[in-house]
Amino acid sequence: MLSAVEQKRIYVSRSTNAQKKSQFGQFLTPEKIAKFMASLFPAANGICRLLDAGAGIGSLSVAFIERWRAGGLHFKSVELNAFEIDRALHDFLFQSFEKYKDFSNFEVNIRSHDFIYAATESLSNSLFSEAPIYYTHAILNPPYKKISSNSAYRLALRSVGIETVNLYSAFVALAVAQAAPGGQIVAIIPRSFCNGPYYRPFRDFIFERTAIRHMHLFKSRTKAFKDDKVLQENVIIRIERGGQQGPVTITTSTDDSFTDLATHEHSFDRIVFPGDPERFIHVPTTTEKSAIELSPAVRYSLADLGIKVSTGPVVDFRLKEHLRDMPEKGAVPLVYPGHLSINGTMWPVPGLKKPNAILRNEATEKWLYPNGFYCAVRRFSSKEEKRRVVASVVEPSAFGDHTVLGFENHINLFHMNKRGLPELLARGLAVFLNTTAVDESFRRFNGHTQVNATDLKLMKYPSREALIELGKWAKQHSEITQEMMDEQLGKLTT
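Residues numbered from 1 in each chain as written. Predicted model: local features only at pLDDT ≥ 70, side-chain atom pairs only at ≥ 80, totals over all residues. Heavy atoms only, no water.

To continue, consider the pairing of strand E1 (residues 45-53). Along a regular strand, successive side chains alternate from one face of the sheet to the other. Pairing between E1 and strand E2 (residues 74-83): 9 bridges, direction parallel. Its bridge partner lying in E2, Leu-50 is registered against Leu-80. With helix H4 (residues 59-69) bridging E1 and its parallel neighbour E2, the resulting β-α-β unit is right-handed. Here E1 runs beside strand E4 (residues 135-140); their pairing, made up of 2 bridges, is parallel. Counterpart to Leu-51 in the pairing with E4 is Ala-138. (Pairing = 2+ DSSP bridges. Helix = DSSP H or I, 4+ residues; strand = E, 2+ residues; numbered from the N terminus. Right-handed = clockwise from strand over helix to strand, strands pointing away.)

It is worth spelling out the pattern of salt bridges at this point. Under the defined criterion, the tally for this structure stands at 18 salt bridges. The partner of Glu-163 in a salt bridge is Arg-154, with the nearest N and O atoms 2.9 Å apart. Given a relative accessible area of 10%, Arg-154 falls into the buried group. Glu-328 serves as the salt-bridge partner of Arg-324, at 3.3 Å between the closest nitrogen and oxygen. Judged by relative accessible area, Arg-324 falls into the partly exposed class, the value being 23%. Salt bridges sharing partners connect three or more residues here, namely Glu-395, Glu-423, Arg-427 and Lys-475. (Salt bridge = Lys/Arg side-chain N within 4 Å of Asp/Glu carboxyl O. Buried < 20%, exposed > 50% of the residue type's maximum accessible area, 1.4 Å probe, protein only.)

Glancing now at the sheet that holds strand E7 (residues 234-241). One open sheet holds the 9 strands; their spatial order is E3-E2-E1-E4-E5-E7-E6-E8-E9, and the pairing between them is mixed. At either margin of the open sheet sits one strand with a lone partner, and together these are strand E3 (106-111) and strand E9 (262-266). The average undirected angle you get between the axes of adjacent strands in this sheet is 15 degrees. With respect to the sheet, helix H3 (residues 31-39) is in contact with E4, strand E5 (179-190), strand E6 (210-218), E7 and strand E8 (248-253), its orientation differing from that of E5 by roughly 155 degrees. (Axes fitted to C-alpha atoms, helices over the stretch in contact; angles between N-to-C directions. Contact = heavy atoms within 4.5 Å.)

Let's shift gears to the nonpolar core. Ranked by internal contacts, the top residues of the largest apolar core, which has 87 residues, are Leu-51, Phe-97, Phe-193, Met-215, Ile-236 and Ile-281. If one sorts the elements of this core by residue count, helix H8 (residues 167-177) sits on top with 10 residues. When neighbours within four sequence positions are excluded, Met-215 is seen to be in contact with Phe-193, Cys-194, Val-235, Ile-236, Ile-237, Val-248, Thr-249, Ile-250, Thr-251, Ile-281 and Val-283. Ranked by size, the runner-up nonpolar core spans 38 residues in total, among them Cys-375, Val-431, Val-451 and Leu-492. (Core = buried A, V, L, I, M, F, W, Y, C linked by side-chain atoms within 4.5 Å.)

Counting buried positions along strand E20 (residues 411-415) yields 5 of 5 residues, so the element is predominantly enclosed. Relative to E20, strand E10 (residues 308-311) runs antiparallel, the two sharing 4 bridges. Within E20, the position partnered with Thr-311 by the bridge is Asn-412. Pairing geometry for strand E17 (residues 374-378) and E20, over 4 bridges, is antiparallel. In the strand pairing of E20, Val-377 is matched with Asn-412.

With that out of the way, let us pick up the sheet that holds strand E15 (residues 357-359). In space, the 5 strands of this open sheet follow the order E11-E15-E12-E19-E16, with mixed pairing throughout. Either end of the sheet is taken by a strand with one partner, and the two such strands are strand E11 (323-324) and strand E16 (368-370). Two strands pair when backbone bridges link them, and strand E12 (residues 331-335) and E15 are joined in this way by 3 bridges, in the antiparallel orientation. Each bridged residue has a counterpart across the sheet, and for Pro-333 the counterpart in E15 is Ala-357.

What follows covers unusual backbone geometry. That bond from Trp-347 to Pro-348 is cis: its omega, -10 degrees, falls within 30 degrees of zero. If you check the backbone angles, Phe-258 has positive phi at about 60 degrees while not being a glycine. Assignment of secondary structure puts Phe-258 in the loop between E8 and E9. Positioned with a positive phi, Arg-279 is a non-glycine residue whose angle comes to about 55 degrees.

Here it is in structure tokens:
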């Protein structure tokens, strides 16, 4: 049966235009992923009340039902609520469940209602709302689409205590809110919820109500939804409503074939580090601790070091009238990632396709920094790039006699109260951030191409003295390789 559903999925995916996929945030679940997700539910019996919100053509529900019919789950009966707002998919949904229509212990209710409005209305216990359904199980591939801060969705979610920025996290939060005690939820979602300040309320919501039991990470960003050309790090997560948090099973595979499936178990304090105020979710891929975790020298916060990190304050499209392609009288350097490399600073850069300068006047003065040594990290790595964290040293000599600089918004800047760093500290910080150990550690909680200042703020660093020693070492070498930086980090002892 699943092969027939899979044929329908491929047909729908290929025949649906990109605009509609974007409108609905709609990426249908491949057969192998659906089967894997269904396999994650623990053995259970009794009556199953199953939720499939954003059901698409029913791939996930069918995988769940097939496992039940094959004896993998021991329910007396299954009652399915399948929400799908795209009515064009309803015929496919009905066809997917046609095989089960004669089973007296299976009931399906296909609903065209908007799941967010239906669920929030039910949870609000208003006079006209339906009685809440508390699901024992939920299997989800929710839509991937941002929610604007003043939208009707945002207001509806706030009415039931959910604050989040994307439809996928909204669907998961509503599934949790509608789950019965002990309810099991399995979802495939982007990994972006694991870190960043915008998803902090969502993480808090999940931690307060559920226990994380299982997370699966795809090593390739291109394979999970390859038919739709989705470039996104996805995780499959199983959470239990009201569960007592214990160890978490972490599985990994390169792609949806699962041929190289690896399984490890980790204590929860390796998933969410104790004392982390942002409660970032780390996904360790081996049982061994990372080089950063093991190093006794890497244990200081930026506050301990007297250093701050901020996003570059110049948002170019807001100051467009003040930007200049090349330097001119009354203008000062404007630094973009394209001016920086691991080898130093080059300014101006003709043909950069970005402005090289910004006028210094009343409108721009508050966004400018004194010229000096800074450590800069690009906020966005390219999709093909191997490294997530790429650091550079901003060198004041590159800007001639200019006394102030503008830093564009695609740069994260390490500074001391909006002033430059001592040269050796800036150089040592760049060496540390460019090590393989830092990049690997960063990837354990960051699943997208963006590097936020908050991410960098919450990392641990070597001592100020150790960073200065790294800076001295860097100045002694005209050319530094990755191997040299990694080896030097391993020599730190304090």
